[in-house]
Amino acid sequence: REGVDKMIPFVNELGVARSRMLVNAACSAQRVFFSVPEMDRSFDGSNPVEVKEVYVPIVDGNLNLIKTGAGTTQSRLPVMLNRGQVERIKGISELEIARLGDLDGTRYFAVDLPDRELFGSVLDGAKAVSRIPMIVEDMDEKQVAVLSYARGLMWFHRNTRFCGACGSTMTSVNEGRGRACEGCEKTVYPRIDPAVITLVANGNECLLGRKAPWPRGRYSLLAGFTEVGETLEDTVYREVKEESGIDIDRNSVKYHSSQPWPFPRSLMIGFSVNAISTKIKRDEKELEDVRWFDKEFIRAKLGTRGSEEFNIPPKYALANRMISEWIAE
């Protein structure tokens, strides 16, 4: 009996730990904006051949095309082209086309239109937009992911026309996955820039900062790019220290989740960490303000959808998800 009694606290704690694990797994399973895990990107010949082909047009390597939907909602829809429309574009043989993958019975390609005037002749009423986040509220999340994927890949092709080793012309290879040099035969692939975004907690407070160009009242988690020779954990420590002057417990760094941010080629990697100091020394060149915010204050403000006094990034941003999960704990 004594042995059983000793086991009860352990079993109870195991139950709590398992519950937390299941909750964390459920959160991690939530859809990540700008990601489309359902898309089959494999090019091994195993994909079905009889699929619908759709082309995502990108203008000037970084602009997506949208059109206004019918009806009273005036929602904005992504412009998608069929093969016939693409073939009617003047100079199609010189267009950059890359295969994206298969999704829901459709094979997606990205096509770069080198001239803004071209899209007017392809589809009347289309409008070029520079930032997908501006239209994310109006679209299906899968559509948004495909648009951002196409844009990121076409940006790579537009900005990798010449070899960095010998200066010769580079051409598309592997169905648009990479580019090869016609001179030295060097092959390059899209570069991804990792950046950490960190929730720094001190009990029921978390550290948030804002940049001057942001909307009024906008605060977010501290973030920055990983530098040469750094681990992601090193970047967390350095960025928090540089931007706020706060010291953190290196042993408390925990991975949260990640999010592609192809504007043009970043990968946001989220972490949480505990602070071991509270006095702020703001980097005045980087941030307009850095403060500790109480969990109840944030919860109350977000309950009213934010205000000009205080608001956080929109729901499609990783920062929103991290902050929302923290205040729900």
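In this text the structure is predicted, and so the values were computed from the model without any measurement.

Trainee: Would you take a moment to explain the environment of Arg 158 for this structure?
Mentor: Relative to the helices and strands, Arg 158 is located in helix α4 (residues 141–158). Each C-alpha atom of the pair Arg 158 and Glu 96 lies 8.5 Å from the other, and the pair is 62 residues apart in sequence. With sequence-adjacent residues up to four places away left out, Arg 158 is seen in contact with Asp 60, Gly 61, Asp 112, Leu 113 and Pro 114.

Trainee: Where do I start with the pairing of strand β11 (residues 205–210) in this structure?
Mentor: Regular strands show a simple pattern: their side chains alternate between the two faces of the sheet. Here β11 lies mainly inside the structure; 5 of its 6 residues are buried. Between the end of strand β10 (residues 193–202) and the start of β11, which pair antiparallel, lie 2 residues, with Gly 203 showing a positive phi angle near 65°. Summarising the sheet, β11 and strand β15 (residues 289–294) pair through 6 bridges and their orientation is antiparallel. Residue Leu 207 lies in a different strand from β15, and its bridge partner there is Trp 292.

Trainee: Even after reading the chapter, I still don't get the packing of aromatic side chains, so can you show me in this structure?
Mentor: For any pair of aromatic rings, the description rests on two quantities: the centre-to-centre distance and the angle between the ring planes. In this structure the tally under the stated criterion is 14 aromatic pairs. Centre to centre, the rings of Phe 33 and Tyr 316 are 6.4 Å apart; their planes meet at 70°, and the pair counts as edge-to-face. Of the two residues, Phe 33 is situated in the loop between α1 (2–28) and β1 (52–59) and Tyr 316 in the loop between α6 (295–303) and α7 (318–328); the sequence distance between them amounts to 283 residues. Look at Trp 261 and Phe 263: their rings are 5.2 Å apart centre to centre, the planes differ by 85°, and that puts the pair in the edge-to-face class. For the residue pair Trp 261 and Phe 263, the accessibility class agrees, reading buried in each case. Taken together, the ring pairs in this structure connect Phe 33, Phe 34, Trp 261, Phe 263 and Tyr 316 into an aromatic cluster.

Trainee: In this structure, what is going on with the confidence of the model for the protein chain? I would like to understand it.
Mentor: Residues shown with low pLDDT carry predicted positions that ought not to be read at fine detail. Of all residues in the protein chain, 80% have pLDDT values of 70 or greater, and the mean over the chain is 84. Overall, residues 1–28 carries pLDDT values under 50, and its contacts beyond four positions in sequence, including any with other chains, amount to 3 contacts.

Calculation notes
- Residues numbered from 1 in each chain as written.
- Predicted model: local features only at pLDDT ≥ 70, side-chain atom pairs only at ≥ 80, totals over all residues.
- Heavy atoms only, no water.
- Helix = DSSP H or I, 4+ residues; strand = E, 2+ residues; numbered from the N terminus.
- Contact = heavy atoms within 4.5 Å.
- Buried < 20%, exposed > 50% of the residue type's maximum accessible area, 1.4 Å probe, protein only.
- Pairing = 2+ DSSP bridges.
- Phe/Tyr/Trp six-rings, centres within 6.5 Å; stacked < 30°, edge-to-face > 60°.
- pLDDT = per-residue confidence, 0-100.

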